[in-house]
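Structural description and commentary
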Amino acid sequence: MRRTAPLALALCLGAAACAGGPSLENQGTPTGKPGDSHRLTVGSAGFTESDLLAQMYALLLRDAGYETKMLTVTNRELYEPALENGQIDVVPEYAATFADWLNAKKHGPDAKTVGSPDLGATMKALRALAAPRGLTVLPPGRAVDQNAFAVSRSYAREHRLKTLSDLGRAKLPVRLAAGDECVKRPYCEPGLKKTYGIKITGIDPKGVGTTAAKKAVQNGQDQMVLTTTTDATLDDFGLVTLKDDKKLQNADALVPVVNRARAGHPRVRKALNKLNRALTTDDLAAMNERVDSWRRLPEDVARDYLESKKLL
């Protein structure tokens, strides 16, 4: 179920007067004692996976004694400033993606990427960028949501493919179903060619992991589709992912990000770390499927998962 952010929040975020304090844009690394507000707002970016994670965060924090409410803001350009100024206290993010986003915000859209396949280096860069903005990045979880490439099961069996390196060695012509931006993104067509030697003959612009894109590979119109590691519908289309054995993709581990002044207390870290230790990529994919394919509510799926793991 997709929820919409209140109009009032969107308007407030557009006005400096609503910020509730000075901008953190140019402040140094905070040294004050982490805050512990008893009423926390958990943010969601409005898509299924973000809704699920936000619901689990809210339930765990409530179980730890906090009053929580949910707020959906579907644009990072809006919810990140809201996180800085305390309108949102906690939000689920993706390590490499958020590091690159903050880096571009600081140094401009052409800034060199700081996210990498090395999770340790990515987290170091992310925390250095987040701290001056009053944000604390909690430890990453086991679950990862990053680009993945899938082919039909019959195609993989015919050509004995298990990895992207196998596909590169096979020297097969590959038409890739993906988004328009794949042509230029270093982790898509250019990376597949440079890192794996895959012969990409063209991009079929059907989007990332869309039904149309997966059907195009299923019926043989295309040979490979760009999707994500938490896509739980591949079996429905007879598709399998090829392992990124040379680690082309960046370390997009799930990380909770909190407003330090309001939610930097160790109690928050302790509550959310319970999920980090339990949640796997496969778990998250299965929950996405229950919402997207089985039409269950994110809050119900989130609670069921936490109870099944004895986290509540």
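Every value quoted in this text rests on a predicted model; they were computed, and no experiment measured them. (Residues numbered from 1 in each chain as written. Predicted model: local features only at pLDDT ≥ 70, side-chain atom pairs only at ≥ 80, totals over all residues. Heavy atoms only, no water.)

With the exception of glycine, most residues fall at negative phi, and the peptide bonds are largely trans. At lysine 171, a position not held by glycine, the phi torsion is positive, near 55 degrees. Within the secondary structure, lysine 171 is located in the loop between α7 (164–170) and β6 (173–178). The exposure class of lysine 171 is exposed, given its relative accessible area of 59%. Here the phi dihedral of lysine 310 falls at roughly 60 degrees; this positive angle occurs in a residue that is not glycine. Examined against the element boundaries, lysine 310 turns out to sit in the segment after α13 (298–308). (Helix = DSSP H or I, 4+ residues; strand = E, 2+ residues; numbered from the N terminus. Buried < 20%, exposed > 50% of the residue type's maximum accessible area, 1.4 Å probe, protein only.)

As a further point, take the confidence of the model for the protein chain. Interpretation of this model should avoid reading the predicted coordinates in detail wherever pLDDT is low. Model confidence for the protein chain is summarised by a mean pLDDT of 89, while 89% of its residues fall at 70 or above. Low confidence marks residues 1–28, where pLDDT is under 50. Its contacts with residues over four positions away, or in another chain, come to 37 contacts. (pLDDT = per-residue confidence, 0-100. Contact = heavy atoms within 4.5 Å.)

So, about the pairing of strand β5 (residues 147–152). Most of β5 sits out of view: five of its six residues are buried. Pairing analysis gives four bridges linking β5 to strand β8 (residues 224–228), with the strands arranged antiparallel. In the strand pairing of β8, alanine 150 is matched with valine 225. In this structure, β5 lies alongside strand β9 (residues 239–242), joined through four bridges in antiparallel fashion. Opposite phenylalanine 149, over in β9, you have leucine 242 as the bridge partner. (Pairing = 2+ DSSP bridges.)

Time to look at the environment of leucine 226. Relative to the assigned elements, leucine 226 resides in strand β8. Distance from leucine 226 to lysine 214, taken between C-alpha atoms, is 8.8 Å for residues 12 residues apart in sequence. Every residue in contact with leucine 226, bar those within four places of it in the chain, is listed here: Asn147, Ala148, Phe149, Leu176, Ala177, Ala178, Cys188, Gly207, Val208 and Gly209.

Under the defined criterion, the tally for this structure stands at 16 salt bridges. Note that aspartate 204 and arginine 175 form a salt bridge whose closest N and O atoms lie 3.6 Å from each other. Of this pair, aspartate 204 sits in strand β7 (residues 199–205) while arginine 175 sits in strand β6; the two residues are 29 residues apart in sequence, bridging distant segments of the chain. Relative accessible area serves as the criterion here: at 5%, aspartate 204 is assigned to the buried category. The exposure class of arginine 175 is partly exposed, given its relative accessible area of 31%. Each member of the salt-bridge network shares a partner with another, and the members are Glu80, Glu84, Lys105 and Arg133. (Salt bridge = Lys/Arg side-chain N within 4 Å of Asp/Glu carboxyl O.)

Let's shift gears to the packing of aromatic side chains. Two aromatic rings are characterised by how far apart their centres lie and by the angle between their planes. Overall, the coordinates contain one aromatic pair when judged by the stated rule. On the numbers, 6.4 Å between centres and 10 degrees between planes, the contact of phenylalanine 98 with tryptophan 101 is stacked. A residue pair is termed a helical-turn pair when its members lie 3 or 4 positions apart in one helix, as phenylalanine 98 and tryptophan 101 do in helix α4 (residues 95–107) at three residues. Judged by relative accessible area, tryptophan 101 falls into the buried class, the value being 18%. (Phe/Tyr/Trp six-rings, centres within 6.5 Å; stacked < 30°, edge-to-face > 60°.)

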